[in-house]
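Chain by chain, the residues:
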Amino acid sequence: RSSAASDVYKRQDLISDDNKISEIQLLKINIEGPEYDLIEHLDRSGTLKNVAEIQVQPHDFTDDCFDRLLTMHRIISKTHDLASSYPFVWDFWVRR
């Protein structure tokens, strides 16, 4: 796991009953590579369903970037519809 994703995981506690934050209106992700790990984490933690809109910039830094992009799309599409996409530039998702 990259340090950028780890920093975001540490802030996961912002979405809790204690902080009275139950929904994120817009999540913009441009973290130069670990976006795939972050989306998987947000899905596993159940947080993804609490995000109304997602803007994510997928990167193609690795040999498996196409597989990771498809996996990320499968994960997000469980709760969101893809509104627009320019592969490896920006994807914009809207919660159903």
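Residues numbered from 1 in each chain as written. Predicted model: local features only at pLDDT ≥ 70, side-chain atom pairs only at ≥ 80, totals over all residues. Heavy atoms only, no water.

**Considering the packing of aromatic side chains**
Okay, step 1: Scanning all chains against the criterion turns up 1 aromatic pair.
Okay, step 2: On the basis of an interplanar angle of 85 degrees and a centroid distance of 5.2 Å, the ring pair of Phe66 and Phe88 is categorised as edge-to-face. Of this pair, Phe66 sits in helix α3 (residues 65-76) while Phe88 sits in the loop between β3 (80-86) and β4 (90-95), and the two are 22 residues apart along the sequence.
Okay, step 3: Phe88 sits in the buried class, given a relative accessible area of 17%. (Phe/Tyr/Trp six-rings, centres within 6.5 Å; stacked < 30°, edge-to-face > 60°. Helix = DSSP H or I, 4+ residues; strand = E, 2+ residues; numbered from the N terminus. Buried < 20%, exposed > 50% of the residue type's maximum accessible area, 1.4 Å probe, protein only.)

**Section: the nonpolar core**
In a soluble, globular protein the nonpolar side chains are often hidden away together inside.
Okay, step 1: In this structure, Ile29, Ile39, Leu48, Ile54, Val56, Met72 and Ile76 are the most contacted members of the largest nonpolar core, which totals 17 residues.
Okay, step 2: Secondary structure elements with two or more residues in this core: β1 (24-29), α2 (35-44), β2 (51-56) and α3.
Okay, step 3: For this core, the element with the most residues is α3, which contributes 5 residues.
Okay, step 4: In this structure Ile29 touches Glu35, Leu38, Ile39, Gln55, Val56, Gln57 and Trp90, once residues within four positions along its chain are discounted. (Core = buried A, V, L, I, M, F, W, Y, C linked by side-chain atoms within 4.5 Å. Contact = heavy atoms within 4.5 Å.)

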